[in-house]
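Notes for the structure review
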Amino acid sequence: MLSRKLNLKIDDRTKQMNKNVIYNFVLKGMAFIVNLLYIRVSYNFFNDDVLFGVWMTILTFLTFITMIDLGLGNGLRNELIKLIATNSLKNAQILVSTTYFYVFLIVSVISLVYLFFNSYINWNQILNSDITNLKFVMNITIITSLINLFFGLIFSISNAYQKNYIFGFFNLLSNLLIVILLIIVELKGVGDQIVVMAFIYGTSNIIVSLLANLLLFKHSFRKIKPQLNKIRVYDGKNIIKSGINFFFLQVLILLIMSINNVIILKILGPTYVTEYQLAFRLFNILVVVAGIIFSPLWSAYRDAYIRKDYVWMTKVVKRNWLIFLLFVIVSFLLVCFGNSILKVWINEKVSVDISILILTAVYSLLIIWQSIHAYLLNSINKFSIQIITFIIGLIIGIPSSIMLGEIMGVPGVLLGSISSLLLFSIVAPYKIRKELEKN
């Protein structure tokens, strides 16, 4: 009888995972197409390589804001999966309410601190530009991103329920709204382009995330809807402990993933950021597809780990290694036909050096290889191996990127970034095998 129940859970988990992948392909695939349109529309909207390069760098800075919740979003996800698996919905509501409270406090304090010190920050110097209203642009983008961080907790909850496609749906809405508003504004004529872009980007994301909270807590997640009387300030030890580990991990990963734009901007200039970004956005197609396939596994792995279903976890990891080979083949094709694709996608004048295409392909493949293993390690709260290898990678990678960038330009920066990813890429498969064999 117990065996039959376990098999049913395994079957349900696999079905849910496959459902997530299919829905994600449709929704995130559509969102990605809209995002490709956004890149083209925004490139034409600015009609200036310097402005476009600065805006792309600002978007890179915004990724750091996702860390400001101190990892509580991911901590909420892991702890909530455990409570859902044991049907402890009352405790789940307390967890959700407390997490929303913590993140509200964090966002409020960070916003006030930023606004106080903002007058002392020279954003033009940081971004190597001379844009008149850049401080105002940064105010809009940072404050709206902080607000969106709070409302974005709803997607940690949907992921815990193994409904990753919910984020895909609302992400599609957000991207679509941004593109439509940009087209309308461009047709009517604009004043300060980068200010308009910042306002549209920031407010669109908030509107969609707020809508997600209102709808989902009214229907799908009404039993765990956050309430003031369910907040337990002193009962959040597990989520804080888990969140801090996620926070350190997020800082390291974002430094590794985002440092290229900053280094290129500082030592080479905004125009070179544009060339790198075009190559990165091209190969980011593969990273997005990999995310569609592998991101639902985090919650599925967690569920399997709680139920001690290590055979299922091992089988899925081996399957993912085979899928990775397909990404290698597609990367080779993108290197061969990358410039032709960019000419159709962006405009006929665009051209990226072949060495940048090759190195960006290698860089993107390493990101995909890492994600295959990181989702499993995150699901079982194994952070130390990631934190150690990423620290070593940064110590090696950043100086290498700067030195090689000064000598070789963008290809040198990419070589340095690749070196920062290698250690975890080598160690992670061995660590996962040991963890699964141990259990």
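Reading guide: rules and limits
- Residues numbered from 1 in each chain as written.
- Predicted model: local features only at pLDDT ≥ 70, side-chain atom pairs only at ≥ 80, totals over all residues.
- Heavy atoms only, no water.
- Helix = DSSP H or I, 4+ residues; strand = E, 2+ residues; numbered from the N terminus.
- Rg over C-alpha atoms; globule rule 2.2 N^0.38 Å.
- Buried < 20%, exposed > 50% of the residue type's maximum accessible area, 1.4 Å probe, protein only.
- Contact = heavy atoms within 4.5 Å.
- Areas by Shrake-Rupley, 256 points an atom, 1.4 Å probe, with all protein chains shown as cover.
- Axes fitted to C-alpha atoms, helices over the stretch in contact; angles between N-to-C directions.
- Parallel < 35°, antiparallel > 145°, perpendicular 65-115°, else oblique.
- Left-handed = near helix turned anticlockwise from the far one by under 90°.
- Nonpolar A, V, L, I, M, F, W, Y, C, P; charged D, E, K, R; others polar.
- Polar contact = N/O pair within 3.5 Å; in protein donor to acceptor, adjacent residues only side chain to side chain.
- Patch = residues over 30% accessible without salt bridge, like charges linked within 9 Å, V, L, I, M, F, W, Y side chains within 5 Å.
- Salt bridge = Lys/Arg side-chain N within 4 Å of Asp/Glu carboxyl O.

Structural notes on the overall build of the protein chain
Across its full length, the protein chain carries 16 helices and zero strands. The C-alpha atoms of the protein chain give a radius of gyration of 22 Å, which matches the 22 Å a tight globule of 439 residues would have. Counting only C-alpha atoms, the protein chain reaches 65 × 45 × 40 Å along its principal axes. For the protein chain, buried positions account for 53% of its 439 residues. Across the protein chain, contacts joining residues at least 24 apart in sequence account for 83% of those joining residues at least 6 apart. Accessible area of the protein chain: about 20100 Å², with a carbon and sulfur share of 68%.

So, the packing of helix α12 (residues 297-306) against helix α13 (residues 310-345)
In contact at an axis separation of 8 Å, α12 and α13 are set at 150° when each is read in the N-to-C sense. Classified by the angle between their axes, α12 and α13 sit roughly antiparallel to one another. Judged by the sense of rotation from one axis to the other, the crossing of α12 with α13 is left-handed. Taken together, the residues of α13 that come into contact with α12 (itself represented by Leu-297, Ala-300, Tyr-301, Ala-304 and Tyr-305) are Tyr-310, Trp-312, Met-313, Val-316, Val-317, Arg-319 and Asn-320. Classifying every residue of the contact of α12 with α13 by side-chain character gives ten nonpolar, one polar and one charged.

Some points on the side chain of Ser-295
Along the chain, the position of Ser-295 falls in the loop between α11 (270-294) and α12. Within the structure, Ser-295 has its side chain in polar contact with the backbone oxygen of Gly-291 (distance 2.5 Å).

Some remarks on the packing of helix α14 (residues 354-379) against helix α15 (residues 384-408)
Look at α14 against α15: their axes get within 10 Å of each other, and the N-to-C directions meet at 140°. The angle between α14 and α15 falls in the class oblique. Where α14 approaches α15, its residues Gln-370, Ala-374, Leu-377 and Asn-378 are matched on the opposing element by Ile-385, Gln-386 and Phe-390. Looking at the contact of α14 with α15 residue by residue, the class counts come to four nonpolar, three polar and no charged.

What to know about a nonpolar patch on the surface
Together, Leu-326, Ile-329, Phe-332, Leu-333, Phe-337 and Ile-341 make up a nonpolar patch on the protein surface, roughly 620 Å² of accessible area in all. Tracing the backbone shows Ile-329 in helix α13.

Comments concerning the pattern of salt bridges
Side chains bearing opposite charge may pair, as long as their charged atoms lie close to each other. Counting across every chain of the model gives two salt bridges. A salt bridge links Glu-435 to Lys-382; the shortest N-O distance between them is 4.0 Å. Of the two residues, Glu-435 sits in helix α16 (residues 410-438) while Lys-382 sits in the loop between α14 and α15, which places them 53 residues apart along the sequence. When its relative accessible area of 5% is taken as the criterion, Glu-435 is described as buried. Its salt-bridge partner being Glu-435, residue Lys-431 comes within 3.1 Å of it at the nearest N-O pair. With a gap of four residues between them, Lys-431 and Glu-435 both fall in helix α16, about one helical turn apart.

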